[in-house]
Amino acid sequence: MTANVRQGAHDHGDSPCGEVPTGGGAPQGGEALWERERELRLVDEAIERLCEDREGGGSLLVFSGVAGIGKTRLLQEVRRRATGRAAVWSARGGQTVSSVPFNLVRQLLQHSLLAMTPEEARAYLGERHDVVGPALGIADPGGRTADPRGVIDSLVSVVTRLVQADWPVVILVDDVHWADPETLDWLAAFAKTLDSTKVLLVVALREDEATGRAAQYLKSLVDQARPAGNRLQPLGPVAAAELTRATFGSLAEDGFCREVWAVTGGNPYDTVELLSKARENGVRAVESEAGQLRGLNAASRGTGLVERIEALGTRAVKLARSAAVLGTDITLPLAARLSDDMPLDEAAAHLARLRAARVLTGPDDDLQFVHPLIATAVHESMLPFHRTALHGRAAELVMESGRGPAAASRHLLQLVPDDDPRVVAQLRAAAREHLAVGAPEAARLCLERALLEPPAPGVHAQVSYELGCATLLTDPGSTVRHLRAALEVPDGLRGTTRTDAVCRLSQALVHLDQLREAVDVVDREALLLDEGPDRMRLQGMHFMWEGIYARESNAEGRSARLAALADPLTGRDTSERALLILRAFDVMARGENAEHAVELCDRALVNGQLPPGLGWTDTEWSFELLVMLGGAYIFSDRLDRASSLFTEALDVYRRQGWSGNHLGVAQAFVGYVKRRRGQLRDARGMLREALRIADRVGSRMPLHWDIVCMLADTLLAQGEVREAEELMEQYAFRPPYPDVIVLPDAAAVRGRLLLALGRRKEAVDELEAGLVSLTARGWHNTVLAPVHGELALAVAPDDPDRAASLVATARASAERFGTDTAVGESLRQAAAVSEGPYAASLLARAVTYLEHSPCSYEHARARVEYGLVTRSRKELDHGLTLARSCGATGLARRAATTLEEGRGLY
């Protein structure tokens, strides 16, 4: 049978038939399938749902089993049954190409995309063209490292759009256990969207052959399949007898049939190969000749299979071995060139013998092995030095064809280390190409192999550095190991590269919640440098990590040193601008003076815009720096500037296809700016989406703490106390908090929740601990961390003097900071622990400040509380209107209930 899976086989022709008929009802026009009634019923039901359900009908079927059990044959039958009712796309994994990123995705999609002109493809893919085009091989990669999560998510969107043009669609993916990690990631993500599409995804795999991350992706697929547990079983004795008689005729004796089943264990591939071999050797289907079957079966697998191929002649073997090394994209001319430049007519003659022996199948420009077992046996039968030599020659041919180092890298990975600087250079170049298409795992394999070559002494540290950078977004633990190794090489990394390695190492340590070690790393390196840009960059990193370290021990000293270093700076380069931002955040958090904080922020910008080198996707500085810039604006009442900054981040990340941790940060802070503006409904939606992004990236990351805290703060503002409680319980949001600071302050938000739940003693404990922590850090911004006001409410029933002292301290801090929100909120909090006319006068002043604040919810809350204290219908009406506009349902309900009752209002 022929095959065309290399470019996706969007036609309705034959699919590869490496595995043979296995049971259950003879399909019309095809070979019989034995003992697969249940599986075929599932297939028929899935196709029926797909074609009849107008709204969706998509689903996932996963069939698993050992080699030769009939998975490919079953997928072939799925194709036959779907043809005429749906478009069928197909792809197949290969053992020798599992390191080729996006291999199976390209098989599925290139057929459609290559039919378009470059202009049509760009128009069709729109803003995602530059993200997915390189991954799909239809566009050259850019010079920047692509975000792996963004590429996967963009591919999901692209496939969803492509299938809309050709609904319904059946996608068949065979031997997915040999798929590359990038395809597996995409499959797992795409499978989650099937309920809302008209796509039937059918996957065949061997569960026990994958390890590591691949095994995790496969488990995700198996868990999503419904029904689960579709593991194909061997044929029973009856089916084996029927298959034997279908081959030898109805007179095949029972004893012979039983021996066929006993020898093969009911494995369909082994059964058909054995029966074919028996016929070729003139064995009669009688019990007296059944003894020959075991020897013949041995010749159908492993060394016996290789011996059968060797019987075709040495030149045929050479061609078969070349095909095994190529693995995919096998063409007769290429296999002939790899076979010591065998003449094409001679190669065609040997190919005919290999086809007749059921070794290779397919047209000359798209050859495949009849079964993966054959390809594996041929590849492993070669002596190591011979196999390595063929892979080396294959790499040369790929490079000569102009396809570049990345295409040749799967062959380079097979070479025996030989101290060859040319191989090191090619592997490094391949890694850069892999990173540019969003395949850090492929880049990692190349660079790890380059280290084994090994590189020359002067290059070794550079390769370790590149390897550390390659894994920063996906595996910070590996980044730490490799960058430490690079930095430890004597006379290795120098100058700016060494400084960059130290900064990236500190970033990775922060991502691993090892913030103290991150600070120590940059400090040790800074001591070795003279004054200059590199030392200033390290000093900036030091202050940044200490600035977000929740347990720093000398906050006053750090702040003084930062002020001395940053205040004279003008912002002439990125290091100076970074220090200005860090100083601005420190001024804001310490509540020193809001205008000074904003002036420092503005000084770090160029005409109000982020300067070159400090963009959201620039790598010299971590994105935490720009989060601190935005935070300084947020809590200094410059919400318009914070909104512009974080909206730009969201736009940049979406446009460039970044959809991992970075997108989650941007989404969260855009949402939180809306919370501060009083747009609570919008904030809630955006923060829920940010949480979904964070959940997809990982669990219990520093980002989770921020998003959960922001969302809980928003829910409490809306009056959704129980939902806020459930959120914090779901994400175990409770002490001990991480080493990295949480914005807004974690203790303040959780303390407010505990008060709302009536758990006053717990609230006091939480807020007292928060106050100790804030005092140690020198944080006195009462908007960022309104612990004094919340604690005053908690202790007021038992200790009114303490409550009065707390709100007095808060008022003094707020007035020093000087924003309308800070002063207005401090007055409202003071009123909450006061009574009578004094409380009313405080609230009147609070309303005056807060109506000029950009924080509409805080204004609404003060208005309602002022109306309640003064019993003013006018103020309650005004507060109710504001509360409803904000989406503060709890506050609005409180005002509306009082207005409806009307008692004592004037």
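This text gives an overview of the structure that appears in the document. (Residues numbered from 1 in each chain as written. Predicted model: local features only at pLDDT ≥ 70, side-chain atom pairs only at ≥ 80, totals over all residues. Heavy atoms only, no water.)

Thoughts on the overall build of the protein chain
To keep things clear, this is the line we draw: Strands are runs of DSSP state E lasting at least two residues, helices are runs of H or I lasting at least four, and both sets are numbered from the N terminus onward. Burial classification: accessible surface area is computed with a 1.4 Å probe over protein chains only, and a residue below 20% of its type maximum counts as buried, one above 50% as exposed, and the rest as partly exposed. Throughout, a contact is declared for two residues whenever any of their heavy atoms are within 4.5 Å. Accessible areas in this description were obtained via Shrake-Rupley with a 1.4 Å probe; residue shielding takes into account the shown protein chains only. In summary, the charge assignment counts Lys and Arg as positive and Asp and Glu as negative, without counting His or the chain termini. To locate a charge, take atom NZ for lysine, CZ for arginine, CG for aspartate or CD for glutamate.
A count of helical and extended segments in the protein chain gives 44 helices and 6 strands. A principal-axis box enclosing the C-alpha atoms of the protein chain has dimensions of 110 × 70 × 50 Å. A total of 906 residues make up the protein chain; the buried ones form 60% of that total. Of all intrachain contacts in the protein chain linking residues separated by at least 6 positions in sequence, the fraction that spans at least 24 positions is 68%. When the accessible surface of the protein chain is split by element, carbon and sulfur atoms take 51% of a total near 35300 Å². For the protein chain, the centre of its 103 positive side-chain charges and the centre of its 123 negative side-chain charges are spaced 2 Å apart.

Things to note about the packing of aromatic side chains
Where we set the bar: Between rings of Phe, Tyr and Trp, where Trp is taken as its six-membered ring, a pair exists when centres lie within 6.5 Å; planes separated by under 30 degrees are stacked, by over 60 edge-to-face, and by other angles tilted.
Taken as a whole and assessed by the stated rule, the structure comprises 11 aromatic pairs. With centroids separated by 4.9 Å and ring planes inclined at 20°, the aromatic side chains of Phe-646 and Phe-669 adopt a geometry described as stacked. Of the two residues, Phe-646 sits in helix α31 (residues 639-655) while Phe-669 sits in helix α32 (residues 661-677), which places them 23 residues apart along the sequence. Take Phe-646 and Phe-669: they sit in the same class, and that class is buried. Ring geometry for Trp-705 against Tyr-737: centres 5.8 Å apart, planes inclined by 85°, an arrangement best described as edge-to-face. Placement of the pair is Trp-705 in helix α34 (residues 702-718) and Tyr-737 in the loop between α35 (721-730) and α36 (746-756), with a sequence separation of 32 residues.

Structural notes on the packing of helix α5 (residues 129-136) against helix α6 (residues 148-164)
Note the following rule: To get an axis, a line is fitted to the C-alpha atoms, and for a helix only the part in contact is used. The angle between two axes follows their N-to-C directions and goes from 0 to 180 degrees. Here roughly perpendicular refers to angles of 65 to 115 degrees, roughly parallel to angles under 35, roughly antiparallel to angles over 145, and oblique to all remaining angles. Side-chain classes follow a simple rule in which Ala, Val, Leu, Ile, Met, Phe, Trp, Tyr, Cys and Pro form the nonpolar group, Asp, Glu, Lys and Arg form the charged group, and the remainder, Gly included, forms the polar group.
Contact pair α5 / α6: the axes reach a minimum separation of 9 Å and the direction vectors enclose 90°. Comparing their axes, α6 and α5 come out roughly perpendicular. Residue-level contacts link Val-131, Val-132, Ala-135 and Leu-136 of α5 to Gly-150, Val-151, Ser-154, Leu-155 and Val-158 of α6. Of the residues that constitute the contact of α5 with α6, the class distribution is 7 nonpolar, 2 polar and no charged.

As for the sheet that holds strand β4 (residues 199-205)
We apply this condition: By definition, two strands form a pair when at least two bridges between them are found by DSSP.
Strand order in the open sheet made by the 4 strands is β1-β4-β3-β2, with parallel pairing throughout. Edge positions in the open sheet fall to β1 (59-64) and β2 (87-92), since each of these has one partner strand only. Averaged over all neighbouring strand pairs, the angle between strand axes comes to 15°, with direction disregarded.

Side note on the layout of surface pockets
Inclusion rule: As defined here, a cavity is a set of points on a 1 Å grid over the protein atoms alone where a 1.4 Å probe fits but cannot get out. A pocket is an open set with protein on both sides within 12 Å along at least five of seven lines, and residues line them when an atom is within 4 Å of a point. Grid points are joined across faces, edges and corners, and a volume is the space filled by probe spheres set on the points.
In this model, the second largest pocket occupies a volume close to 980 Å³. If you go around the second largest pocket, you meet 34 residues; those closest to its centre are Val-100, Arg-106, Asp-329, Arg-403 and Ala-407. Mapped onto the lining of the second largest pocket, the elements with two or more residues apiece are α3 (103-114), α15 (332-338), α18 (384-400), α19 (404-412) and α20 (421-436). No other element matches α19, which puts 6 residues into the lining of the second largest pocket. Grouping the constituent residues of the lining of the second largest pocket by class yields 14 nonpolar, 12 polar and 8 charged.

Thoughts on the nonpolar core
Put simply, the rule is: The set of buried Ala, Val, Leu, Ile, Met, Phe, Trp, Tyr and Cys residues whose side-chain atoms join them within 4.5 Å is what this entry labels a nonpolar core.
Membership of the largest hydrophobic core comes to 145 residues, with the highest contact counts inside it found for Trp-545, Met-588, Trp-616, Leu-629 and Ile-634. With near-sequence residues (within four places) excluded, Trp-616 lies in contact with Leu-610, Phe-623, Leu-626, Val-627, Leu-645, Phe-646, Glu-648, Ala-649, Val-652 and Tyr-653. If you look at the next biggest cluster of nonpolar residues, it comprises 53 residues, including Ile-171, Val-176, Val-222 and Ala-442.

Comments concerning the environment of His-434
Checked against the element boundaries, His-434 lands in helix α20. Using a relative accessible area of 3% as the deciding quantity, one classes His-434 as buried. A C-alpha to C-alpha distance of 61 Å links His-434 and Ala-831, two positions 397 residues apart in sequence. What His-434 contacts, discounting residues up to four positions off in sequence, is Pro-101, Ala-406, Ser-409, Ala-439, Ala-442, Ala-443 and Cys-446.

Some details on helix α21 (residues 440-452)
So the rule is basically this: Expected helix span is taken as 1.5 Å per residue step, with the number of steps being one fewer than the number of residues.
For α21, which comprises 13 residues, the first-to-last C-alpha distance of 18 Å matches the rise-based estimate of 18 Å (1.5 Å per residue) to within 8%. Listing the buried residues of α21 in full gives Pro-440, Ala-442, Ala-443, Arg-444, Cys-446, Leu-447, Arg-449, Ala-450 and Leu-451. Considering only its buried residues, α21 is in contact with α6, α7 (181-191), α19, α20 and α22 (457-470).

Quick word on the packing of α34 against α35
Operational definition: Should the near helix be turned counterclockwise from the far one by less than a right angle, the crossing is left-handed, whereas a clockwise turn marks it as right-handed.
Close contact between α34 and α35 brings their axes to 8 Å; oriented N to C, the two are set at 165°. With respect to α35, the axis of α34 lies roughly antiparallel. As for the relative orientation of α34 and α35, their crossing is left-handed in sense. Each of Val-708, Leu-711, Ala-712, Leu-715 and Leu-716 in α34 lies in contact with α35, whose residues at this interface are Val-721, Glu-723, Ala-724, Leu-727 and Met-728. Partitioning the contact of α34 with α35 into residue classes produces 9 nonpolar, no polar and 1 charged.

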